[in-house]
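Analysis of the macromolecular model
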Amino acid sequence: MAIEVEVQYASDAEGLPVAADFRRWAVAALGEVADAELAVRVVDREESRRLNATYRGKDAPTNVLSFPADLPPGVDLPLLGDIVICAPLVATEADEQHKALADHWAHLTVHGVLHLLGHDHRTDEEAGEMEALETRILTGLGCADPWRI
């Protein structure tokens, strides 16, 4: 059993985390999951906007998108899906929210992985549970609480 995290860089932004950071953050979010494959794609605003418009009907870039794998019945693979993170938005949000840039990258990676695992924040109850889980994971990684702005 293994955890595989493929990292794709489609952005020229400065200060991007290295693949080992994404893997560490994803592994922390996966918790007890011992066998998983996922991809993290780091993009610029245009690709984020295009994906957000196509898959969510929102014609604007967004900080993170999650695309859970949609495997046919009977196919038993550890493929979780893909996460797309918009580098320029991560930097802008970290600055606006007075957060450490690395902490915000970690938060969005953890957030995306939790979506791949089926967590959501459509209701207040779901949001509270997901935020508490994110805080616990990120604190364990040595990051600041992302919800204390």
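For the structure, see preceding data.
The following paragraphs examine the structure supplied in this document. From a predicted model like this one, the values you see are computed outputs, not experimental measurements. Counting restarts for each chain, with residues numbered from 1 along the sequence as it is written. The predicted nature of this model means local features are confined to residues of pLDDT at least 70 and side-chain atom pairs, given and counted, to a pLDDT of 80 or more, with totals for whole chains, interfaces and linings taken over all residues. The basis for every side-chain value is the complete set of non-hydrogen atoms in the structure, without hydrogens or water.

What follows is about the pairing of strand β4 (residues 79-86). Burial analysis of β4 places six of its eight residues in the buried class, which makes it a mostly covered element. Taken together, the seven bridges between strand β2 (residues 36-43) and β4 define a ladder with parallel strand orientation. Bridge pairing in β4 links E37 to L79. Any two strands are treated as partners once DSSP identifies two or more bridges connecting them. Secondary structure elements are defined from DSSP: runs of H or I of at least 4 residues count as helices, runs of E of at least 2 residues count as strands, and each element is numbered from the N terminus. Where strand β3 (residues 64-68) meets β4, five bridges bridge the pair, whose relative direction is antiparallel. From the neighbouring strand, F67 faces β4, where its bridge partner is D82. Partly exposed residues are those whose accessible area sits between 20% and 50% of the maximum for their type, while under 20% is buried and over 50% is exposed, using a 1.4 Å probe and protein chains only.

This next bit is on the side chain of D120. When you line up the elements, D120 lands in the loop between α4 (101-116) and α5 (124-140). Looking at D120, its side chain comes within polar contact range of the side chain of R122, at 3.3 Å. Any two residues having at least one pair of non-hydrogen atoms within 4.5 Å are treated as being in contact. Apart from residues no more than four positions distant in its own chain, D120 is found in contact with H115, E126, A127 and M130. Residues adjacent in sequence count toward polar contacts only when both atoms are side-chain atoms; beyond that, a polar contact is any pair of N or O atoms within 3.5 Å, and within protein one must be able to donate a hydrogen and the other to accept it.

Now for helix α3 (residues 87-96). Those residues of α3 not exposed but buried are A87, L89, V90, E93 and A94. Down the axis of α3, the smallest arc covering the buried residues is 160°, so these residues share one side. The exposed set on the far side of α3, more than 90 degrees from its buried face, consists of D95 and E96. Those residues of α3 that are buried lie in contact with β2, α2 (45-56), β4 and α4. Phi turns positive one or two residues past the end of α3, at H98, with a value near 55°. In this context, the arc is that of the directions from the helix axis out to the C-beta atoms.

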